[in-house]
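Structural description and commentary
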Amino acid sequence: MIKIENLHVEVDGNKILNGINLEVKAGETHAIMGPNGSGKSTLAQVLAGHEDYDVTEGNVEYLGKDLLDMDVDERACEGIFLAFQYPVELPGVNNTYFLKSALNAQRKYHGESEIDAMEFMELIGDKIKLLNLKESLLKRPVNDGFSGGEKKRNEIFQMAVLEPKLALLDETDSGLDIDALRVVAGGVNAMRSNENATIVVTHYQRLLNYIVPDFVHVLVDGRIINSGDKNLALELEEKGYDKIIEEAAG
Amino acid sequence: MKQETETEMLKEYAEQEYKYGFVTDIESDTLPPGLNEDVIKFISNKKGEPEWLTKWRLKAYEIWKKMEEPHWANIDYPPIDYQAISYYSAPKNISDGPKSLDEVDPELIETYNKLGIPLEEQEILAGVAVDAVFDSMSVATTFREKLAEKGVIFCPISEAVKEHPELVKKYLGSVVPRNDNYFAALNSAVFTDGSFCYIPSGTKCPMELSTYFRINEQNTGQFERTLIIADKESYVSYLEGCTAPKRDENQLHAAVVELVAHDNAEIKYSTVQNWYPGDKEGKGGIYNFVTKRGACRGNSSKITWTQVETGSSITWKYPSCVLHGDNSKGEFYSVALSALKQQADTGTKMIHIGKNTKSTIISKGISAEKGQNTYRGQVMINKSATGARNYSQCDSLLIGEECGAHTFPYLDVKNTKSHIEHEASTSKIGEDQIYYCKQRGISEEDAINLIVNGFCKEVFRELPMEFAVEAQRLLEVSLEGSVG
C-alpha cells in the first residue's frame, strides 16, 4: 500500500528523519514506537502532507502514486487519514456539518454524487454507537470545548465515517483513560480489514494491548533501529528504550 | 454677536428667496455640479414638494454649511469636493449606459455569474441599456394592492409627501434631526427619494417588504431617505439591499434611515449591502456614509438591525436604537467584511432611556487582504433607565497578514441599577485549522468558507431564510482568492 524509501525530513533546517525505510501492505497494522523527540509524529505529519516539514531526500509511493507530489486534501481524498495527536478546534463549525462536508468532498473527488441527508444521518448513527459518543457532540462545534478524551474519540469517529485506506494514528492513546482507550481501540479494530492498513504511532505499549500490531518498529533519532512483531513492544516496555538502543548499537 | 449673524443670515436668506425666485431651468434633467440654495429649490420643485418641505430642506442646508466633515472615524480617504457633485439627475437616458455586457468590467460579470444572477438582472445591475423595468412594475402593483388591503402604506417617500403629508411631516427628521451630523444634514437638504412605510395599529405586515419591489427604484441611490413607522402592536420586516455588487457612478452615498416603533410594535430591518468595493487599489469604490437610527418610542417596542456588509470601499455606519419606552428592546447583529483595500468603521449605539430596557449587540468583523475593520459601539444608560441591560459581543476574524481589526467600545452608565456585559475576541484563521480541514479532504477555499460561516452564524440566523443563504454565498464569493 505504502512504500517509504530513504526518507529524510527537516524542520527549519533541523534534521528530524534520517533515512526511513518502511513498507506497509494492505491488511497490516504497524506500530511505530520511540522515545520523545525521535521523529514518530513527524513521520505521521509528513505522510499527511504538513507544509512545515521539508522532505530533503527519499521517496514515498502510495497505491502506485508519488505521495510527496500530492497536496494535503488530495492525499486525504486518496484515503489517507491522520488521527491528530492534538485535534484542532473549529469554533462555530458544526461537527456534523463538517463531517458531511468532508465526506462529500471525498465523494466528489471520486466522481460520486453527494450523500443525501437521510443516508448520512443513518451512517453516522451507526458509527456513533460504535464509539459510544454522546449524540450532543454531533451538534457542537468541531472539538470546541470537548474534553481530551472526547476529542480523541471524535477523531476515530471521523475516521469511521470517512473509511480511509491508510489510517495514521498519532499518539491516539494519550489523554485517554482505560475505558475510553478500550472504546477507541474497539472502533479502530472494527474497521480493520484486508483492504486497509494502519500505522499506529505511540510512546507506550499500552495501546498495543488493544490494537494488536503485526509489526513493531523502534524509531530513534530519525532512524528505525529495530523491527519485530508485537513481542518487541513488550520487550521495550520491560527493558525501556535505553536498553534497546544500547543493544541495537552493540 | 452670534445672534446677530444668525439674524442677518436669516434675513439674507429670506431676501434671497425673494430676489432670485426660481432661476434654474426646471425643464433640464440634470443639474451641473455644485450645491447652493437654488439647487435645493430645484430638487424640491422637481419633486413637486409643498412649501414646508422646501423650507425644511433649506434649513438643513444652512445647518450643513456650518458643520464640518467628521474625521474621527478610523478611515482614510481623499477630501470630498461637495461642489463637484451633481445633486440631481433624472433617470438616465438609456443610450448613456454600456451597450451590452461586453462593455462591462469582466471581473464584475464573473462575480455576477458566481452569485448566480440571471442575465437580464445582470444587465440592469451593470446599467446596460435594457428596458426591464416593466416586470417589476407589474409585480410591485399587485404587491401594493395586497398591502393596501391591510392598510399598510409602502411607497416612495416622494409620493408619501403628496399622499400622506401629515405622517411625513410628523415623523421626518424626528429620529435623525437635521443637525444630527454632517452627512445627515446634507441628506436632509438634498435627498431625492427613498422608501416610506407605515404599518397601522394592530397590523402584522403580511409580507417582508423589500426595496426590490419598490416602484421608482432608479436613481434614488445617492441620497436616499427612508422612513418606517410601526404603529401600536404592529410588526414589519424590511429588507434592504442586494447581494449583487451594484455599480454606481456616484461615489458618495449618504443615506438616512429613520425607524419609529410605538407601543408593543416590532421592526426588523435587515440589510445585505454589496456596493462596488473598487478595484484592488480601492479605486472607483463607493463611500457609504449612512445614518440609521430607530426610536423605540412605545413601551415594550422592539427594533432589530441586522446587517451584512461586504461592499463599499469605505463604510461609515452605526445603526442605532434609542430606547425611550419602558421594557423596549434594541438589537444589532452585524457582519462586516473588509477585503481588498476596503475600510469599514461600523457599529451601533444603544441609548437606554426607559426602565428595564434591553439591548443586544453582536458584531462580527472579518478582515482579509489589506482590509481594515473597525467596530465602534456606544452603550449609554441614562439616569432614568433603571434595570437596563446590555450584552455586547464583538468578534474579529483575521485572514492573512496585512489586514487589521480594531474595536472601540464606549460605555456611558449613569444608572447604577443597570447591567452591562461586554465580550470581545480576535482570532485568526489558523494554518492549523486549514490543515485540519484539508486533511479530511476539504479544499482550502471550502475550509475558509466553513470557518467564516461558522464565525458569522449568530448573525446569519437573524436574517430571513433566503437572505441568509444569499449572504452566505456572498461572503464566499467576496473572500474567493483572498487566501493564497
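Residues numbered from 1 in each chain as written. Chains lettered and ligands numbered in written order. Predicted model: local features only at pLDDT ≥ 70, side-chain atom pairs only at ≥ 80, totals over all residues.

All names here are of chain B. The domain architecture assigned to chain B consists of domain 1 (2-84), domain 2 (103-429) and domain 3 (430-477). Tallying the contact residues gives 24 residues for domain 1 and 23 residues for domain 2. When contributions to the side of domain 1 that touches domain 2 are tallied by element, the ones reaching two or more residues are helix 2 (37-46) and helix 3 (51-66). Among the elements that make up the side of domain 1 that touches domain 2, the one with the highest residue count is helix 3 (eight residues). A per-class count over the side of domain 1 that touches domain 2 returns 15 nonpolar, two polar and seven charged. (Domains from an automatic or database assignment. Contact = placed C-beta atoms within 7 Å. Helix = DSSP H or I, 4+ residues; strand = E, 2+ residues; numbered from the N terminus. Nonpolar A, V, L, I, M, F, W, Y, C, P; charged D, E, K, R; others polar.)

Note on sheets: strands pair through backbone hydrogen bonds, and any given pair is parallel or antiparallel. Residue and element names in this part refer to chain A. Taken in spatial order, the four strands of this open sheet run 2-1-4-5, and their pairing is antiparallel. Two strands bound the open sheet, and with one partner strand each, they are strand 2 (14-24) and strand 5 (65-66). Sheet analysis places strand 4 (residues 54-62) next to strand 5, joined by two bridges and oriented antiparallel. Directly across from Tyr62, in strand 5, lies its bridge partner Lys65. Sitting on the sheet, helix 1 (residues 40-48) is in contact with strand 1 (2-11), strand 2 and strand 4, with an inclination near 70° to strand 2. (Pairing = 2+ DSSP bridges. Axes fitted to C-alpha atoms, helices over the stretch in contact; angles between N-to-C directions.)

On to unusual backbone geometry. Even without being glycine, Glu171 of chain A reaches a positive phi, approximately 50°. For Glu171 of chain A, the location among the structural elements is in the loop between strand 9 (166-170) and helix 7 (178-191). A positive phi angle is found at Glu233 of chain B, which is not glycine, with a value near 55°. Structurally, the position occupied by Glu233 of chain B is in the loop between strand 4 (225-230) and strand 5 (235-246).

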